[in-house]
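Structure assessment
Chain by chain, the residues run as shown.
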Amino acid sequence: MTLISLIAPGQPVSAKNHQRVVKYGDRAGIRSGKAIERWYERVVPELARQFARQDMRTIRGHIHLDTHQFLQHDLDSPANPDADGILAGVFDALQKALVVHNDRQIVGGAFTRQRDQARPRVEIEIRVLPEG
């Protein structure tokens, strides 16, 4: 089983709480919010750079994914995003960074949350599962 460790630096942002409605002519659609887009701009190139050091191609098989969320504020602070919003952002960032082909490949995982005011981040552990 292959283990890949990556770090998304900075305070995590929720991918769910920052969506906005955008009009396209006479139709409307949902688009990511500005905060998560800025987070992707910082994090996606960093994840891609870290993954490139692994000398691997985009993962296409099933994976188990753990995240360790280190938050800037006290854990119960409303200034922190909720855990599932962070997970959605991490899943999308991994796909945008071409680490995984699609977040549907994630078949299991877990998360932890703790405070690290000096160095907020998300530590990501990907276990590539054997085929079969």
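A brief report on the enclosed structure follows. The structure displayed is predicted, hence computed values, not measured ones. (Residues numbered from 1 in each chain as written. Predicted model: local features only at pLDDT ≥ 70, side-chain atom pairs only at ≥ 80, totals over all residues. Heavy atoms only, no water.)

Points about the packing of helix α1 (residues 34–52) against helix α2 (residues 83–96)
- Two elements in contact, α1 and α2, have axes whose closest approach is 9 Å; the angle formed by their N-to-C orientations is 50°. Judged by the inter-axis angle, α1 sits oblique to α2. Of the two elements, α1 crosses α2, and the hand of that crossing is right-handed. Contact with α1, carried on its side by I36, W39, Y40, V43, V44 and L47, involves A88, G89, V90, D92, A93, L94 and K96 of α2 and no other residues of that element.
- Of the residues assigned to the contact of α1 with α2, the class counts are 10 nonpolar, 1 polar and 2 charged. (Axes fitted to C-alpha atoms, helices over the stretch in contact; angles between N-to-C directions. Helix = DSSP H or I, 4+ residues; strand = E, 2+ residues; numbered from the N terminus. Parallel < 35°, antiparallel > 145°, perpendicular 65-115°, else oblique. Left-handed = near helix turned anticlockwise from the far one by under 90°. Contact = heavy atoms within 4.5 Å. Nonpolar A, V, L, I, M, F, W, Y, C, P; charged D, E, K, R; others polar.)

Looking at the packing of aromatic side chains
- Taken as a whole and assessed by the stated rule, the structure comprises 1 aromatic pair.
- Taking the centre distance of 5.9 Å and the plane angle of 55° together, the rings of W39 and Y40 count as tilted.
- For W39, a relative accessible area of 1% gives the class buried.
- On the basis of relative accessibility, which here comes to 5%, the residue Y40 falls in the buried class.
- Over the aromatic face of Y40 sits the side chain of K96, whose NZ or CZ is 4.9 Å from the ring centroid.
- Over the face of the ring belonging to F70 we find R121, whose NZ or CZ atom lies 3.8 Å from the ring centre. (Phe/Tyr/Trp six-rings, centres within 6.5 Å; stacked < 30°, edge-to-face > 60°. Buried < 20%, exposed > 50% of the residue type's maximum accessible area, 1.4 Å probe, protein only. Lys NZ or Arg CZ within 6 Å of the ring centre and 35° of its normal.)

Topic: the pattern of salt bridges
- If you walk through the whole model with that rule in mind, you get 6 salt bridges.
- Across the pair R127 and D66 runs a salt bridge whose closest N-O atoms are separated by 3.0 Å. Here R127, found in strand β6 (residues 121–128), pairs with D66, found in strand β4 (residues 63–71); they are 61 residues apart in sequence, far enough to count as distant.
- Judged by its relative accessible area of 25%, R127 falls in the partly exposed class.
- Between R121 and E123 there is a salt bridge; the shortest N-O distance is 3.0 Å.
- Assessed through its relative accessible area of 23%, E123 is described here as partly exposed.
- What emerges from the salt-bridge pattern is a single network uniting D66, E125 and R127. (Salt bridge = Lys/Arg side-chain N within 4 Å of Asp/Glu carboxyl O.)

Considerations on α2
- Compared with an ideal rise of 1.5 Å per residue, which puts 14 residues at 20 Å, α2 spans 20 Å between its outermost C-alpha atoms and is within 8% of the ideal.
- For α2, the complete set of buried residues consists of A83, G85, I86, L87, A88, G89, V90, A93 and L94.
- Looking at the buried positions of α2, the neighbouring elements they touch are β1 (2–9), α1, β4, β5 (106–115) and β6.
- Of the residues flanking the end of α2, it is L98, one or two places downstream, whose phi is positive at about 65°. (Expected span 1.5 Å × (residues − 1).)

Concerning the environment of R49
- Its place among the elements puts R49 in helix α1.
- Its relative accessible area of 42% is what places R49 among the partly exposed residues.
- In this structure the C-alpha to C-alpha distance between R49 and L6, which are 43 residues apart in sequence, comes to 9.7 Å.
- Here the side chain of R49 touches E46 through a polar contact of 2.3 Å, side chain to side chain. (Polar contact = N/O pair within 3.5 Å; in protein donor to acceptor, adjacent residues only side chain to side chain.)

Considering unusual backbone geometry
- Positioned with a positive phi, D55 is a non-glycine residue whose angle comes to about 55°.
- Its place among the elements puts D55 in the loop between α1 and β4.

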